[in-house]
Amino acid sequence: MQSLPREAALVADQLVAANLAGHDSHGVGMLPSYVDGVLNGRLKVNSHPTVVIDNGALLTLDGNAGYGQVNGFEAMEAAVERASQHGVAIVGLRNSYHIGRIGHWAEQCAASGYASLHLVNVIGHPPLVAAYGGAEARFGTNPFCAAVPGRDGRPGFLLDMATSIIAGGKARVAANKGVKVPPNTIIDSDGNLTDDPNAFWYTDPSGKRGGALVAFGDHKGSGLAIMCELLGAALLGGETAHPKNPRDGRIINSMLSVVIDPAAMGTAETYLDEIDLFREFVLESRLRSDCDQILVPGQPEELAREQRADGFDVDPVTIDQLRSSAQRAGLSDQAVDDLLG
Ligand code: NAD
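Quick notes on the rules
- Residues numbered from 1 in each chain as written.
- Predicted model: local features only at pLDDT ≥ 70, side-chain atom pairs only at ≥ 80, totals over all residues.
- Heavy atoms only, no water.
- Buried < 20%, exposed > 50% of the residue type's maximum accessible area, 1.4 Å probe, protein only.
- Helix = DSSP H or I, 4+ residues; strand = E, 2+ residues; numbered from the N terminus.
- Contact = heavy atoms within 4.5 Å.
- Near = heavy atom within 4 Å.
- Polar contact = N/O pair within 3.5 Å; in protein donor to acceptor, adjacent residues only side chain to side chain.
- Areas by Shrake-Rupley, 256 points an atom, 1.4 Å probe, with all protein chains shown as cover.
- Phe/Tyr/Trp six-rings, centres within 6.5 Å; stacked < 30°, edge-to-face > 60°.
- Pairing = 2+ DSSP bridges.

Caption draft 1: Spatial organisation of helix α5 (residues 168-177). The element α5 is extensively covered by neighbouring structure, given that 7 of its 10 residues are classed as buried. Inspection of α5 places Gly-168, Gly-169, Ala-171, Arg-172, Val-173, Ala-174 and Asn-176 among the buried residues, and these make up the whole buried set. Buried residues along α5 sit in contact with β9 (186-187), α6 (197-201), β11 (212-214) and α11 (316-328). Gly-178 sits one or two positions beyond α5 and adopts a positive phi of about 70°.

Here you go:
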């Protein structure tokens, strides 16, 4: 079954926007896993979120395992609309297929002038990240995102991060490129810290994955990941990562979003000046001896957008994966060549 043009456009827009923001791990390289999801029937095409609970400012939506790019977009549209009525909206989106780069959703809220917080869990595959002290994965890379709107329809600050030191997709990209990941970001199957991305993707003959990702910030990051699991999923009726929930290869996200209208806070006239002054204060600090610059959250993505304004490279392994998934989806060799060049 084919996506309708609007759905295809929403998926393409978000994936390309992730590449342009410098996050290749959440860019067009995700498409082969989406094609697998469509072909095995776990990703539902042309689906929309349905309302589970509607209490005005509080809305719970079920994503029905549809494309996260449609679910995320429509959930944020609803959140902005509710926040415009009530000053704040709390929107739970559960059971969506992969919603990709979470900053995209904060940017959608910021484009309407709203601040937002997002706590997210991810299930469907075996877990990826170990709890602090553990050597075996127990939850996903559970992203946390928060943004305040700036002056130009873009976020003034945007923190958007996996709660693992590196996102799972970054280990995939590193393994595809044959490069190391930063030291101590992966735990191998013997329980040792390593920089070898293959230790994370290693699968033993019984099909059990060997490694785990390390949560950022020791017990603090591990604790935040656990709160993403509980507030971002369990609270909304979404599934958490324990093994009684299915692990059939789906990539299912649940997300709790809190969207705030600065006008309703009474700060629409003042907070922009305040964040400008704060930004200036942060950036004018002397540098730490081992660092050569200070950036604020969201700035690396802005810089990547400038650098990639004329396009971005896709590594050859990802191109091969895109080619073979396009063929699995029924495109002719000629059509694939025309698309990939
Ligand atoms: P990252 O480590 O590249 O960046 C994390 C945050 O830190 C960003 O807000 C960035 O602006 C900021 N930052 C980066 N370098 C900085 C510096 N030198 N100084 C100051 N701030 C800096 O991102 P990540 O943790 O690898 O996550 C990548 C993407 O993966 C995110 O967009 C996230 O939403 C996405 N993700 C999605 C899922 C999912 O299931 N949908 C799961 C995990 C991650």
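Once the structure has been displayed, the description carries forward.
Caption draft 2: Structural detail: the site of the ligand. Among the 22 residues in the neighbourhood of the ligand, the closest are listed as Gly-100, Asp-160, Ala-162, Gly-298 and Glu-301. Ala-162 is positioned such that a nitrogen or oxygen atom in its backbone is 2.8 Å from an oxygen atom of the ligand. When the ligand is considered free in solution it has 860 Å² of accessible area, and contact with the protein chains removes 79% of it. Looking at the shell around the ligand, the elements that each hand over two or more residues are β8 (155-161) and α10 (299-307). With 4 residues, β8 is the single largest residue contributor to the shell around the ligand.

Caption draft 3: Up close: the packing of aromatic side chains. By the definition in use, this model includes 3 aromatic pairs. Centroid distance Tyr-34 to Tyr-97: 6.4 Å. Interplanar angle 85°. Geometry classified as edge-to-face. Taken together, the residues Tyr-34 in helix α2 (residues 31-39) and Tyr-97 in strand β3 (residues 88-97) connect sequence positions 63 residues apart. You can call Tyr-34 buried: its relative accessible area is 0%. Take Tyr-97: its relative accessible area is 2%, and that puts it in the buried class. Considering the side-chain rings of Phe-157 and Phe-278, the 6.2 Å spacing of their centres and the 35° angle between planes classify their relative orientation as tilted. Of this pair, Phe-157 sits in strand β8 while Phe-278 sits in helix α9 (residues 271-283), placing them 121 residues apart in sequence.

Caption draft 4: Examining the sheet that holds β9 more closely. Here we have 5 strands laid out as an open sheet, ordered β6-β5-β11-β9-β10, and mixed in their pairing. The open sheet has two edge strands with one neighbour each: β6 (137-139) and β10 (193-194). Pairing between β9 and β11: 2 bridges, direction antiparallel. Bridging from a neighbouring strand, Ile-186 pairs with Leu-213 of β11.

Caption draft 5: Here's a closer look at unusual backbone geometry. Phi at Ala-65 is positive, roughly 55°, even though this residue is not glycine. Here Ala-65 shows up in the loop between β2 (58-62) and α3 (68-86). Its relative accessible area of 9% is what places Ala-65 among the buried residues. Here Asn-184, not a glycine, exhibits a phi torsion of approximately 60°, which is positive.

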